Amino acid sequence: MRGLLYIRTRVKSLRRNSRLLLGRSIARLMGPRHCATRLNAAGIGSVLVCRINGRLGNAVFLTPLIDQIHAMFPGAVIDLAMSFPQAQTLLQKKPGVRQIIAFPHKGVDLVWRYFAAVRRLRATNYDLVIDPTPESTSGRIVLSLSRARYRIGFLNGSQWAPLTHAIPESPELMHQAIVPVYLLCNILGVPCDQPGVRLSLHLQPSEIEAGRAAIAKALQRKNVRMGSAGTFGFFAHGTGSKPLERTWWVAFWKAFLELEPTAVPVEFLPGPATAPTDERFTALHLKSVRDLTAAIATTRMFISADTGPMHLASATPVATVGLFQTSEPTLYRPLKSNDLVVDARDCPPWLAAQKCHALWRLAPRLSYTNA
């Protein structure tokens, strides 16, 4: 395991250093950039956000920025240039969002689909275009191709995009969902309420009811009755070295159910053919990310490695537990005040169960049935 963690860390470092080197090389060729640091918010009626990344977590991290834009410019339309495959489904109900311009993530005809997205992008003249991350080459490309009055982003040694307004990166480590809000607030000269930043998908009551029905149907198939304590959702999968081994989960549930025998574990699976971690427990797969979020929103608690479903859970009122063993929690932790981070490298399953049970006992006092 430690060998895998080392390799993953080295690969991520190599990719980041390559982006930095490419950016610095282009920046030297382009010459010095002169950008203002403050922008007058008057007259902003259309905004484009460029986030060309295929990861679910990074798409969810945009939701605080979308909310901030809508709050600052209530009448403005917001377009999103994105390459997360389910971005339309995920963000279509966010207030202010007009359209999502889908850039290809991978697959056939990638070049032609990219050009089609660029044509759609350039069909609109925007008042404001935002590159919300400090080191995204694809974001800078799309920002550069857009038609805009103002373009904002971060100023650093590798910045080469034609920005009109920019600020330096924060000297402190900052959660990846807070970074875009920090950028916009500082450019507009308004306070940035970092502790108040939250993930949100604006689930509708009908979606919540459908999520509750999906869990009830899964329990019925397994002939499991709903316990008085409620359901405990979990996600035991993920990419790379993020997931914990099956033996960890088995030991965790043994310890937790000894503390709370009436709790009902429900496993959410990444695919319809994925084998459950423990055959004794109810398991289900929901194809749509919003359907998955709505079902999670009807549970009493949710536990997951630091992967996409953890961020979806943190976008609901449900108490969320993130198991970290490779990523930096400061950058990627679940954001709510009733969420919990567990360092799985130094926390045995029985201790994790005790930490979760302490949070579980508080959960009935929280509003976990609506999102």
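Provided above is the structure to which this section pertains.
These remarks concern the structure in this document.

## Quick word on unusual backbone geometry
A positive phi angle, near 55°, is found at His202, a position not held by glycine. Looking at where His202 falls in the secondary structure, it is placed in the loop between α7 (179–188) and α8 (205–221). Relative accessible area serves as the criterion here: at 30%, His202 is assigned to the partly exposed category. Although it is not a glycine, Asn223 sits at a positive phi angle of roughly 55°.

## Examining the sheet that holds strand β3 (residues 97–102)
Spatial strand order, β3-β2-β1-β4-β5-β6: six strands in an open sheet with parallel pairing. Strands at the two margins of the open sheet, each flanked by one partner only, are β3 and β6 (165–168). Between one strand and the next, the sheet's axes are offset by a mean angle of 20°, whatever the strand orientation. Bridge count between strand β5 (residues 147–155) and β6: four bridges; the pairing is parallel. Across the sheet, the residue bridging to Leu155 is Pro168, located in β6.

## Notes on the side chain of Asn156
Mapped onto the elements of the fold, Asn156 is located in the loop between β5 and β6. From its side chain, Asn156 meets the backbone oxygen of Pro134 in a polar contact 3.3 Å long. Here Gln159 takes part through its backbone nitrogen, which lies 3.0 Å from a polar atom of the side chain of Asn156.

## A look at the nonpolar core
Of all hydrophobic cores here, the largest spans 61 residues; its most connected members are Ile69, Leu80, Leu90, Leu128, Ile130 and Phe268. Ranked by residues supplied to this core, first place goes to α7 with eight residues. In contact with Leu128, other than residues within four places in its own chain, are Leu39, Ile44, Ser46, Val47, Leu48, Phe73, Tyr150, Ile152 and Leu184. Among the nonpolar cores identified, the runner-up in size contains 26 residues, and Leu244, Met301, Ile303 and Trp360 belong to it.

## Description of the sheet that holds strand β8 (residues 264–268)
Strand order across the open sheet formed by six strands is β9-β8-β7-β10-β11-β12, with parallel pairing between neighbours. Each edge of the open sheet carries a strand with a single partner, namely β9 (282–284) and β12 (340–343). Strand-to-strand twist in this sheet, taken as the mean axis angle between neighbours without regard to direction, amounts to 20°. Across the sheet, helix α13 (residues 349–362) touches β7 (231–235), β10 (301–305), β11 (319–324) and β12, and the angle it forms with β12 is around 175°.

## Thoughts on helix α5 (residues 110–122)
Taking 1.5 Å per residue, 13 residues should reach 18 Å; α5 reaches 18 Å between its end C-alpha atoms and fits that length. Residues Ala117, Val118 and Leu121 constitute the buried set of α5. Angular distribution of buried residues about the axis of α5 spans 100°; they occupy a single face of the element. Turned more than 90 degrees from where α5 packs its buried face, Trp112 and Arg119 sit exposed. As for α5, its buried residues are in contact with β1 (46–51), β2 (77–82), β3, β4 (125–130) and α6 (137–145).

## What about the state of the cysteines?
Counted according to the given criterion, the structure contains zero disulfides. With no disulfide partner, Cys185 has as its closest neighbouring cysteine sulfur the one in Cys192, 4.5 Å distant.

## Structural notes on the pattern of salt bridges
Going through the model one piece at a time under the given rule, you end up with 11 salt bridges. Across the pair Lys94 and Asp67 runs a salt bridge, and its minimum N-O distance is 2.7 Å. Note that Lys94 is positioned in the loop between α4 (87–91) and β3 and Asp67 in helix α3 (residues 63–72), a separation of 27 residues in sequence. A residue is classified by how much of its surface remains accessible, and Asp67, at 25% relative accessible area, is partly exposed. Taken together, the shared-partner salt bridges in this structure form one network comprising Lys93, Glu207 and Arg290.

Rules used throughout
- Residues numbered from 1 in each chain as written.
- Predicted model: local features only at pLDDT ≥ 70, side-chain atom pairs only at ≥ 80, totals over all residues.
- Heavy atoms only, no water.
- Helix = DSSP H or I, 4+ residues; strand = E, 2+ residues; numbered from the N terminus.
- Buried < 20%, exposed > 50% of the residue type's maximum accessible area, 1.4 Å probe, protein only.
- Pairing = 2+ DSSP bridges.
- Axes fitted to C-alpha atoms, helices over the stretch in contact; angles between N-to-C directions.
- Polar contact = N/O pair within 3.5 Å; in protein donor to acceptor, adjacent residues only side chain to side chain.
- Core = buried A, V, L, I, M, F, W, Y, C linked by side-chain atoms within 4.5 Å.
- Contact = heavy atoms within 4.5 Å.
- Expected span 1.5 Å × (residues − 1).
- Arc of directions from axis to C-beta.
- Disulfide = S-S within 2.5 Å.
- Salt bridge = Lys/Arg side-chain N within 4 Å of Asp/Glu carboxyl O.

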